[in-house]
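# An overview of the molecular structure
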Amino acid sequence: MKDEQHFVQDACEILAVAELQRLAEKAGLAATRNASEKLQHFENYSAERKLTEESFSKWPKYRGNLDRHLPGFFEDLIGVIGDTPMDFVDVERDFRNLNLKGDFVIMRDRHDDISVSLKNYQGSAKRPQCSSSTFNAFPLNFIFESAGVGMFLGPDGVRFRGSAQRKRDAALRATGHEDVVPLMVKLDELNAAIKDRFVYDPDFEFLDEDEFDKARKEVGASGQAIILEILHRLDPATVKDRLLEMTGLDGREEVLLLDPYRRSDTITNEGFCQLRFGVSDPASTVEFGAHGQSIRFEFILGSRSLLTVDVPFTINKNGAWISDEYEGTRFHEKEGLELATGQRRPMKSKQLATSTNTYVDFDAAGIF
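Chains are numbered independently. Their residues run from 1 in the order of the written sequence. Per-residue local features are limited, in this predicted model, to residues with pLDDT of at least 70; the limit for side-chain atom pairs, both in listing and counting, is 80 or more; totals at the level of whole chains, interfaces and linings are taken over all residues. As a convention, hydrogens and water are excluded, and side-chain values are obtained from all of the structure's heavy atoms.

## Let's talk about the overall build of the chain
The helix count covers DSSP runs of H or I at least four residues long, the strand count covers runs of E at least two residues long, and both are numbered beginning at the N terminus. A tally of helices and strands in the chain yields 12 helices and 15 strands. Relative to its 368 residues, the chain shows a buried fraction of 48%. Look at the contacts in the chain between residues 6 or more apart in sequence, and 63% of them connect residues 24 or more apart. What sets the accessible areas is the Shrake-Rupley method with a 1.4 Å probe; for residues, cover comes only from the shown protein chains. Surface summary for the chain: the accessible area is close to 18600 Å², and the carbon and sulfur share equals 47%. Think of it in three bands: residues with accessible area under 20% of the maximum for their type are buried, residues over 50% are exposed, and the middle band is partly exposed, with areas taken using a 1.4 Å probe on protein chains only. Here, residues are in contact when the closest pair of their heavy atoms is within 4.5 Å.

## Things to note about the side chain of Ser115
Secondary-structure assignment places Ser115 in strand β3 (residues 114–120). One polar contact links Ser115 to Glu253, side chain to side chain, over a distance of 2.8 Å. Polar contacts, as counted here, are pairs of nitrogen or oxygen atoms within 3.5 Å of one another; within protein the pair requires one atom able to donate a hydrogen and one able to accept it, and residues that are adjacent in sequence qualify only if both atoms are side-chain atoms.

## Brief notes about the pattern of salt bridges
Counted as salt bridges are all cases of a side-chain nitrogen of Lys or Arg within 4 Å of a carboxyl oxygen of Asp or Glu. As enumerated under the stated definition, the model contains 23 salt bridges in all. The salt bridge involving Arg33 is made with Glu25; its shortest N-O contact spans 3.8 Å. Residue Arg33 is classed as exposed on the basis of its relative accessible area of 62%. A salt bridge links Arg216 to Asp213, with the shortest nitrogen-to-oxygen separation between them at 3.6 Å. Residue Arg216 and its partner Asp213 are located together in helix α9 (residues 209–232), separated by three residues, close to a single helical turn. In the salt-bridge network here, residues are joined through shared partners; they are Asp76, Arg263 and Asp265.

## Notes on helix α2 (residues 35–48)
The periodicity of an α-helix, 3.6 residues per turn, causes residues three or four positions apart to be oriented the same way. Any helix carries an expected span of 1.5 Å times its number of residues minus one. An ideal rise of 1.5 Å per residue puts 20 Å on 14 residues; α2 measures up with 20 Å between its terminal C-alpha atoms. Those residues of α2 lying buried are Ala35, Lys38, Phe42, Tyr45 and Ser46. End-on view of α2: buried residues confined to an arc of 100°, all on one side of the axis. Exposed residues pointing more than 90 degrees away from the buried face of α2 are listed as Ser36, Glu37, Ala47 and Glu48. Elements that come into contact with the buried residues of α2 comprise α1 (3–26), α3 (53–58), α4 (60–81) and β1 (87–90). Phi turns positive, to about 55°, at Lys50, one or two residues after α2. Our arc is simply the arc of the directions from the helix axis toward the C-beta atoms.

## Quick word on unusual backbone geometry
Located in the positive-phi region is Arg110, a residue other than glycine, with phi close to 60°. Take Arg110: it is sitting in the loop between β2 (104–107) and β3. Its relative accessible area of 82% is what places Arg110 among the exposed residues.

Written as C-alpha cells, this is what we have:
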C-alpha cells in the first residue's frame, strides 16, 4: 500500500471518531461536546501528512464508507446500549503500544469502556486480510507473544528476533518445544536458498515472471509442509487461541467492518455476535490442513462449520526488480547505479521475503 493511501485510511479512522461524536451531540447523548476538537485532530493529522482533498479523492471509499454507514451504526448502537451519555475516543496509537487492536472506545459513566476495532475497506469486507507474516514468523506467533514486527517475547521476558536462530531456538527449548527446533532450522535453510537464488544468482539478474511464478509455488509448497508439521505438534487449544486473536474474535474487543456495500459489527449484528460466541465456545475446535497453496483452518462446533480462515504461502518480491517500463537504463539514486526495466535491484532485492497472509471468509459465515 502506498504511503499516501495508508495515511488516508488512518485519517479516516480519526474522522470516524469525530463523526460518531458529532452524531452523539446531534442526538443529545454526548457526555462531552468536543466533536469539533476531534474534527480538528483529523484536520491536523491530514495537514501534517500533506493530505489534500485530491488525496482523499484518489481513494474516496474510505471516507464514503463513513458517510454511508456510521449513522446507521450509531442508531443501532443506541438500540443495544441505550440512550445514555457517551463519548467516542480515539485510542489507536495508545492501544497499538499495548498490543491491542482497538481504534476507538465508547466511554460511558458507570459502564466498562467498549473498545472497537474499525476495519474500513475500500474493497470488499467479505473476505478481508487480517494479518501478514513470513514463513518463520507465522509458526512462532502460535508459540510466543508478539513483541513487535518480527519480534517475540521469550519465557524469560526478554525480546528476541525470530530470525535470530540461537536465541529463538533457546526460547523454543525453554518452552518445551524442542521438537520444533529442527523444523524451524528447515525454514531457515529455505529462506537462505531463496536469497541465494533470487538475490544473488545471475540467472535472476533479470526477472522471468514464468520462472519466478513456478519457483514461488515450489517455495510455498515447501513452507506449507514444514509449517503444517509444526502446527500438528502444538496443543490444539494454542492453535485455536492464536486464530481467535488473529481474526479479532477472541472477545477482548468489538469489531466494526465497513465497505462500500456492507456493514457488520459484533455489538449490534446478531449474526456476527453468534459467530464470535460460537468460535470462542470452549466446545468449538479448529481443524486444519493443506488446501492448494494455503493452510485452511476451520472452526467447528458440533457438526457445524462456523468459519474458514485461509493462509496462502508465497514469496513477496518487495520491489526486488525494476517494474517501470522504459528504454535503455536509468540511474537509480537509492541503488547508486544504472538499471534497466526488469533488472534486479542489488539493495532492494535483499528485502525479498517469504510471505503469508491471513484471509477470513466472513461472507460464508453469514454476518452480512
